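What the coordinates show
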Amino acid sequence: MKVLVAVKRVIDYNVKVRVRADNSNVDLANVKMSINPFCEIAVEESVRLKESGAATEVVVVSIGPKAVQEQIRSALAAGADRGIWVETDDTELSGLAVARLLAQVVRDEQPGLVLLGKQAIDTDNNQTGQMLAALLDWPQATFASKLEVKGAEVEVTREIDGGLQTLALTLPAVVTADLRLNTPRYIKLPDIMKAKRKPLATTSPAALAVGPGTGVKLLGVTPPTERRGGIKVESVAALVDCLKNQAQVL
Amino acid sequence: MSYLHPYQDVAFVLRKVVDFDGLCAAAGHDEINADLAATILSEAGRLGSEVLAPLNRVGDREGARMGAQGVEESPGFKDAYRQFADAGWLSLTVAEDFGGQDLPNCLGTAVNEIWHSANMAFALCPMLSQGAMEAIGHHADDALKALYLPKLAAGEWTGTMNITEADAGSDLAAIKTKARPAGDHYLITGQKLYITWGDHGMTDNIVHLVLARLPDAPPGVKGISLFIVPKFLLDAKGEPGERNAVNCLSLEHKLGIHASPTCLMDFTDAVGFLVGEPNNGLAYMFTMMNHARQSVGLQGLAISERAYQEALQYAKDRLQGTRRDGSRIPIIEFPDVRRMLMTMKSCIEAMRVLALVAAAEADRARYATDPAVAARHFARLEVYTPIVKGWLTELAQELTSLGIQIDGGMGYVEEAGAAQHYRDARILPIYEGTTGIQALDFVGRKMLANKGETLLALLTEMEQTAAELRSTPYRYGSVVKAFEAAVAAGTRARQSLLDGAAADRHLAGSASVNFLMLFGYLCGGWLMVKSAQQAQLMLNAGEGDPQLLSAKLTTTRFFCEHLLPRTGACLASVLAGSESTMALTAEQL
Amino acid sequence: MSILVIAEHDHHQLKSATLHTLAAATQIGGDLDVLVAGSGCQAVADAVAAIPGVRTVLLADAPAYAHQLAENIARLVVALAPGHRHILAPATTTGKDFMPRVAALLGVNQVSDITAVVGPDSFRRPIYAGNAIATVQVEDPVIVATVRATAFPAVATTGGSAAITPVPEVFEAVRTRFVSESLVESDRPELTSARIVVSGGRGVGSAENFALLYRLADKLGAAVGATRAAVDAGYVPNDLQVGQTGKVVAPDLYIAVGISGAIQHLAGMKESKVIAAINSDAEAPIFQVADYGLVADLFTALPELIDSI
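Residues numbered from 1 in each chain as written. Chains lettered and ligands numbered in written order. Predicted model: local features only at pLDDT ≥ 70, side-chain atom pairs only at ≥ 80, totals over all residues. Heavy atoms only, no water.

Glancing now at the interface of chain C and chain A. If you look at the interface, chain C gives 84 residues, while chain A gives 78 residues. Here chain C packs against chain A, burying approximately 6,900 Å² in sum over the two surfaces, 52% of which is carbon and sulfur. Taking the shortest distance from any N to any O, the salt bridge between Glu153 of chain A and Arg177 of chain C comes out at 2.7 Å. Linking chain C with chain A are 38 residue pairs in polar contact (both at pLDDT 80 or more). Partitioned by chemical class, the residues of the side of chain C that touches chain A number 39 nonpolar, 24 polar and 21 charged. In terms of strand pairing, strand E9 (residues 163-170) of chain A meets strand E11 (residues 176-183) of chain C through seven bridges, oriented antiparallel. When the sheet's bridge partners are listed, Gly163 of chain A is paired in E11 of chain C with Leu183 of chain C. (Contact = heavy atoms within 4.5 Å. Buried area = accessible area lost by both parts, 1.4 Å probe. Salt bridge = Lys/Arg side-chain N within 4 Å of Asp/Glu carboxyl O. Polar contact = N/O pair within 3.5 Å; in protein donor to acceptor, adjacent residues only side chain to side chain. Nonpolar A, V, L, I, M, F, W, Y, C, P; charged D, E, K, R; others polar. Pairing = 2+ DSSP bridges. Helix = DSSP H or I, 4+ residues; strand = E, 2+ residues; numbered from the N terminus.)

Turning our eyes to something else, we now look at the pairing of strand E4 (residues 84-90) of chain C. All names here are of chain C. Within E4, six of the seven residues are buried, leaving the element largely enclosed by the surrounding structure. For strand E1 (residues 2-6) and E4, the ladder comprises four bridges, and the chain directions are parallel. Bridge pairing links Ser2 to His84 in E4. With five bridges connecting them, E4 and strand E9 (residues 143-147) associate as parallel partners. Looking at the pairing, Ile87 lines up with Val144 of E9. (Buried < 20%, exposed > 50% of the residue type's maximum accessible area, 1.4 Å probe, protein only.)

A few words now on the nonpolar core. Counting 217 residues, the largest nonpolar core has Leu14, Ile40, Trp89 and Trp391 of chain B as its most contacted members. Top contributing element to this core by residue count: helix H17 (residues 507-541) of chain B, with 18 residues. In contact with Trp89 of chain B, other than residues within four places in its own chain, are Ile187, Leu189 and Ile192 of chain A together with Ile40, Glu43, Ala44, Leu47, Phe84, Val111 and Trp115 of chain B. Grouped together as the second largest cluster of nonpolar side chains are 53 residues, Leu4, Leu58, Tyr65 and Phe171 of chain C included. (Core = buried A, V, L, I, M, F, W, Y, C linked by side-chain atoms within 4.5 Å.)

Time to look at the sheet that holds strand E6 (residues 116-119) of chain C. An order of E12(A)-E8(C)-E7(C)-E6(C) is seen for the four strands of this open sheet, with the pairing classed as antiparallel. Either end of the sheet is taken by a strand with one partner, and the two such strands are strand E12 (216-222) of chain A together with E6 of chain C. Each neighbouring strand pair of the sheet contributes to a mean axis angle of 30 degrees, computed without reference to strand direction. Sheet topology places E12 of chain A next to strand E8 (residues 132-138) of chain C; six bridges connect them, and they run antiparallel. Within E8 of chain C, the residue paired with Leu218 of chain A across the bridge is Val136 of chain C. (Axes fitted to C-alpha atoms, helices over the stretch in contact; angles between N-to-C directions.)

It is worth spelling out the environment of Asp199 of chain B at this point. Residue and element names in this part refer to chain B. Mapped onto the elements of the fold, Asp199 is located in the loop between strand E5 (185-196) and strand E6 (205-212). Placed 385 residues apart in sequence, Asp199 and Leu584 show a C-alpha to C-alpha distance of 45 Å. Asp199 has contacts with Gly70, Val71, Ile206, Lys231, Cys248, Pro261 and Cys263, leaving out every residue within four places of it along the chain. Of the polar contacts made by the side chain of Asp199, one reaches the backbone nitrogen of Val71; its length is 3.1 Å.

With two pairs of chains in contact, the largest contact count belongs to chains A and C. The two units chain B and chain C are non-contacting; their minimal C-alpha-C-alpha distance is 9 Å.

Below, the discussion takes up the domain arrangement of chain B. Domain parsing of chain B yields domain 1 (54-87 + 119-279) and domain 2 (446-580). When each unit is reduced to the centre of its C-alpha atoms, the spacing between domain 1 of chain B and domain 2 of chain B is 39 Å. (Domains from an automatic or database assignment.)

On to unusual backbone geometry. Omega for the peptide link from Leu171 of chain A to Pro172 of chain A comes to 0 degrees, which places this bond in the cis form. Unlike most non-glycine residues, Gln248 of chain A shows phi in positive territory, near 55 degrees. Mapping Gln248 of chain A onto the fold places it in the segment after helix H6 (236-246). For Gln248 of chain A, a relative accessible area of 62% gives the class exposed. The backbone of Ala129 of chain C sits at a positive phi, close to 55 degrees, despite the residue not being glycine. Relative to the helices and strands, Ala129 of chain C is located in the loop between strand E7 (122-127) and E8.

A few words now on a negative patch on the surface. Residue and element names in this part refer to chain A. On the surface, a cluster of negative charge is made up of Glu87, Asp89, Asp90 and Glu92. Positionally, Asp90 belongs in the loop between strand E5 (82-87) and helix H3 (95-109). Residue class for Asp90 comes out partly exposed when judged on its relative accessible area of 37%. (Patch = residues over 30% accessible without salt bridge, like charges linked within 9 Å, V, L, I, M, F, W, Y side chains within 5 Å. Areas by Shrake-Rupley, 256 points an atom, 1.4 Å probe, with all protein chains shown as cover. Lys, Arg positive; Asp, Glu negative; His and termini not counted. Charge placed at Lys NZ, Arg CZ, Asp CG, Glu CD.)

Here the focus is the environment of Ser401 of chain B. Residues and elements named next belong to chain B. Mapped onto the fold, Ser401 is located in helix H11 (residues 371-407). Accessibility expressed as a relative area gives 29% for Ser401, which makes it partly exposed. Separated by 24 residues in the primary sequence, Ser401 and Ala425 place their C-alpha atoms 9.6 Å from one another.

Following this line, the structure appears as structure tokens:
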């Protein structure tokens, strides 16, 4: 079985985001960019599927300007077999536009399973995987915390509000990774070196025959309301008094 | 405190000042380029931030200690070492024949900055392994190489350097440890002091490199030989077997780097194997010296970077003073805090570009096909080494101290973490040759010995840069003025030492540290100016990140306006000669 | 034009997230139709019918909808979409599961997790884990959006009398099979809709020590939450996680116990109206956002707190 995994280049998880002074967007100049943490978990899972024999090939795809090759290389170093770069200068593609591009890649590649992160930590949309499944008319399992390929099915445990749900999807299917699906490995130096010899194909929205489509217009970005620290109280009694009489929440 | 690798600055220096792509292409490494370097640095940065950095405080509070079975490393270190070694980081610059990646030394240096920033006490262990690999790789016979190098490169074993003895510190001629022949090996007896990571339980074996004297050895430094003494002797399959008679007797109680065990090592008829030729040990040590000393200089950069990140965060978070509208002011707004932060930032950038440019000279010397070109790069490497070791580690004292000053009272108490960096940094101007030793090396072997020729070549290049600045013209006049003055100070100091050393027998010794520091600031300033020239070219062409590039112009300007004038003070001291330094009798002091 | 809201429920009771989503719909303005899709869920439809302002309750009652499978619900919603300018659902794990599928099948975008209605086609939503708030305008003919419940008040639950219209169509995907479900049974209020949340971090020290927090929660009628560190350490199950990658809560009172205040955790609770923090480390960042901070050992402070309320 071939597994296709999609990765997104985003601001590094450890970087504190600041809004630009003109409120046009967040300030991404001069900040560290990395592979989206949930995408990284998806990559790790796909590599584990290959290591366990459930998958025979792992193909990693990313969409964006040349810099996204870094994230593809990183996924190749983590164990993916080959990469596909969908070249576009548009870094603000909507979830739907990304899903359309990925759907075309899937039609070309015919994978048995598509793995994605549940959401990107920049736009926090949590929608691309579901949209891709819909466009392909494939079954989906979001928020995956456990995944097992059993013959023609993949059994996925999902983290839902209030507990866990397990579904069995007939392959091919789309699964999106949640935080606890696995802990991605640290990439080994020899694997980084090997990754530079792995194939990386380039394509484009034009080659995939996917047009721009309608969008969601970003009117502005503002910082969240700042929360200021209040007072320190000296005792439990003082705390209860404040909560009861001053804040009136008890 | 968390740590994030300042990869943009490193990437800029590698691409634009070191010319990493050109260096690799000239060496025929087609597949190695700055993009690959960026990936490698990014993955190393992740391991450094997520695995090693969180253990830095742990190691300070719960340092290595003596247990019944030998030295026990700090909590978490064994797992971290396993992850570090499994990821192959020790093999970065090792030859492919021994399982290495054979990547350029300057990239190895850039990666090592990460380990030392994240956790210097931890990083000393692989740093010593690298030194051991270099010694074995260059000087041991093929059989010893095959036995030891692949295991060291894989990180399965670690290496140490056993040089110092109770009476032999800076004076290696006084080494007393004995080695007597016993068939195909030697039996080593003696005690070695201050052996970094001399014992631990992180790996199956430890490979000690030991300096000792053969029975018929001539006295002094010409009678020292180098031996491999493994903690466990190897069996027929090359795996650790019988325990060798080498033991850690005790650990030092130190000011800093608590997680790095500093061992008193005892050898009692321990089985050892001769590396290379008898009585050639010191020469072998000298071939490793450029790398070892530059590695310690790099630690000075790395710990300063860590201290800067801590201080910067504190300066952004700490609120003191109130504006008219009632809002509180973060201390980063105060000009004196800015002065300290800018001193840290600009010096760190100068240290980094010097460390990487110096490391690249080793690559250029190695890759050059023309012997004359190789010799020229090697001479430059030799000049840079005492500057990198001496200047970076001394500057680290000032910068880690500023880190505490920015934090104020919070810096002096241990909770904030700034104090640890200051304590950890204090060893750097001492081990691997004190600043005094570096300065003597610089003045003696690197300057007077060749009548100042190599230094003249360096100053000539600096003059060319000054001429470029004048002809551009450069946007900040103060940069041009300060740089020209500093080059003139260097030129004059060189001449005064060449002229006066013969007549004043104490001159070289008393002026050497100021002479070294003068060239430290000068080299740092020169390479900052070259960085700024590249940044300006990129800005003109609309390339790169304008914020990062314009910041480089400003840090260069700050360095030239506020740090380069220190060359004038150094020059004054050099010109003053040795008279007042030496005038008092020992009783009067 | 009208708005279609998809109700969240457990087939017996309507979940409060629906009431908050209806408040967002009311702010947009227009006729409100609510889809109740489930199995044996007449009671839910009746509850929705009693909400003032609801025009029609669309009741799709079939075994195929028993587990809210995205494939089935999405196709049902798409079938009911014509005539609606907006389609809204709560941004719960259920809503997040099927709504993007609805959007893609309709060929439009989805606006996720809206926290404010600026105009009929403009909304605010948090990005970068709430470290920035984006204002977006949708250019599509149909607006598909999920609603962050904590950002909107709840609408009233009585006084209305909407008509209930059965939806006979049944959509049943054959390639998705429900296997099992394990839901945590609890008498405590739901984390995301509780008025008070008592939350613990790594500082609580063990699963056993969390009993103190449960006791306090029971005394207050509060829900219990936790940081990622506490979840990863195995002190509590992962559905209690509050933060960037867990649940976002905004109760009237958030009591943070033994929580240092990592930004990833703050992202999930900083919209709480009042934050009280108990921590033995006076320098813990949580105190920078807490309205009331108590520097104390939680093992002495919590029993005292439990006894004094």
